[in-house]
Amino acid sequence: MNQNIEELKLLINRHDPTIITLQEVMTVPTLLSSLLNRYNWYTNIHPTIPHHSVAVGILKHIPSNRISISTNLPAVAVQISSPEQCSILCLYLSHSINPFTIISDRTSTFQQINNNLIVLGDFNAQHITWGCSTSYNRGNSIANVFETIGLEVISNQSATRISPINGKGSILDYCAVSSSMAQQFTVTVSNDTHGSDHFPLLIHSNLNLQRPLLRPRWKYEEPNWAAYQREIMFNLPLDENPPLSRFTACVEYAASRSIPRTTGKPGKRCEPWWNATVATAIKARRAALRKFRRASKNPGNFFTPIFAEEYRTANRLAKEAVRLAKKNNWDNFINEINPQLSSKEVWRRVGCLNGKNQQSSTIVLKTQDTIIAPAEVPEAFAIHFSDVSAKHNYPSNFQTHKLNAESVPISFPDATEHRYNSLFTITELHWALRKCKGRSAGPDNIGYPLLQNLPVEYK
């Protein structure tokens, strides 16, 4: 997988998956965490056979934890709850694993997971149930296991692997889910191998997995302040003394008519090294793959070996284009750093180099054994701090002193002549608004720029 890590990043950036499962990982967990740091990674790395390793990545905002399973199979299990609870089991069954081992191991692998189960992996087994033309012993063994524990295979019966020699397709990768959830899943197969000999599976479900939504913000870079002020004056006559709620609603409405807003959807991450040369190379690889697959459908086709070599060449050139683009991008980055650049600009470029966009993070809180969903985090903090500061935590002598002190009435002498008790002037208001530099809106969706650009008579 080390050779295809950039292809994997491009695939993830394009589809923005919630859950990722990988087989034949052949890399260390720290590399996954550093390159794909939006995900919590759960891995099972084989100590002696690196390609007998699997990994599951779950978006960090989704509560998840590893399920401990006792098995000799290359497998990793993860439980998620957001808010529906289900379990992900990722498997890699190589050709060296005896099919009877799969049957004998099913109790320790599958039946330890009681939740709604989703099994994904490279099974290296063919069976007519998932669209193969014939069934073999391995396929029969796995089909029996699925039937015994109540799993249904979700497949669109398209080949998931292509032989780089003769172009023959086979269905070796698939998704099996608990029968109660089968209607909620659909599977499609990618039209590009992305540098591998397997086609990625794209699995869609109706499960209620909470994705983070950014709060829409005003685009103060593209305002129409004249239209904004006209809307204010038209909808809020000066001869009225409206309540605060109406004033707030009027300001927000005027802003919505004159200032564009963001959608609130997370933006896609970009690769700074992507350029026209890389795009052309990947497009050529896909075209070569299509020709190779079409030719391989006709046995004895004279052009099949020729198209196979063309595909291998296009695949090699695409990888080389990615490597050179990354090298050139890094060289340009280093050459542009100079003493005149501010530290803020340097770190902004470092973020761009990592493909980061400015997204607000979503907090997932874990208290003892309870995982709290993002929407419940503020309430959990409020309950905690309220309990910490409650009076029952104070010593009894302090509680008595507090009660006696609070029973004495407080008397304020007449101090209207003090300057801080006088009404503030319009000049002071303008001065205070000029000092406000932030643009973030509060709960009422009104930021400082909206107040700074009110008509003078409305301030």
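This section reports on the structure supplied with the text. All values reported here derive from a predicted model rather than from experimental measurement. (Residues numbered from 1 in each chain as written. Predicted model: local features only at pLDDT ≥ 70, side-chain atom pairs only at ≥ 80, totals over all residues. Heavy atoms only, no water.)

## Focus on unusual backbone geometry
For clarity, the threshold we go by: Helix and strand definitions follow DSSP, with helices as H or I runs of at least four residues and strands as E runs of at least two, each counted in order from the N terminus.
Even without a glycine there, the phi angle at E24 is positive, about 50 degrees. Checked against the element boundaries, E24 lands in the loop between β1 (19–23) and α2 (29–35). Phi angles above zero are rare outside glycine, and N445 is one such case at about 65 degrees.

## Brief notes about the nonpolar core
The following threshold applies: Residues grouped as a nonpolar core are buried Ala, Val, Leu, Ile, Met, Phe, Trp, Tyr and Cys residues, joined through side-chain atoms within 4.5 Å. Buried residues are those whose accessible area, probed at 1.4 Å on protein chains only, stays under 20% of the maximum for their type, while exposed residues exceed 50% and partly exposed ones sit between those limits. Contact definition: two residues touch when any of their heavy atoms are within 4.5 Å.
Judged by nonpolar contacts, the single largest core of 34 residues is most densely connected at I118 and V177. With five residues, strand β3 (residues 54–59) is the single largest residue contributor to this core. If we skip the residues at most four places from it in the chain, I118 touches C86, S87, I88, L89, C175, A176, V177, M181, F185 and L207. Counting residues in each nonpolar core, the second largest holds 23 residues, with L117, A143, F146 and L151 among its members.

## Remarks on the packing of aromatic side chains
Heads up, the rule is: Note on aromatic pairs: the rings of Phe, Tyr and Trp (six-membered ring only in Trp) are paired at centre separations within 6.5 Å, and the planes decide the class, stacked below 30 degrees, edge-to-face beyond 60, tilted for the rest. A ring is considered to have a charge above it if a Lys NZ or an Arg CZ atom is located within 6 Å of its centre and within 35 degrees of its normal.
Taken as a whole and judged by the stated rule, the model has twelve aromatic pairs. Between the aromatic rings of W273 and W274, the centroid separation amounts to 6.4 Å while the plane-to-plane angle is 50 degrees, which identifies the pairing as tilted. Look at W274 and you get partly exposed, because its relative accessible area is 40%. On the numbers, 6.0 Å between centres and 20 degrees between planes, the contact of F292 with Y311 is stacked. With a gap of 19 residues between them, F292 in helix α8 (residues 276–296) and Y311 in helix α9 (residues 304–336) connect regions that are remote in the sequence. By the burial criterion, F292 is buried, and Y311 matches it. Taking NZ or CZ as reference, R261 lies 4.3 Å from the ring centre of W218, over its face.

## Remarks on the sheet that holds strand β2 (residues 39–44)
This is how it is decided: Two strands qualify as a pair provided DSSP detects at least 2 bridges between them. Fitted lines through C-alpha atoms give the axes, limited to the stretch in contact for helices. The angle between two N-to-C directions lies from 0 to 180 degrees.
Reading across the sheet, the three strands line up as β1-β3-β2 and stay open at both edges, with antiparallel pairing between neighbours. In the strand order of this sheet, the two ends are held by β1 and β2, each with one partner. Averaged over all pairs of adjacent strands, the angle between their axes in this sheet comes to 15 degrees, without regard to strand direction. Sheet topology places β2 next to β3; six bridges connect them, and they run antiparallel. Bridging from a neighbouring strand, T43 pairs with A55 of β3.

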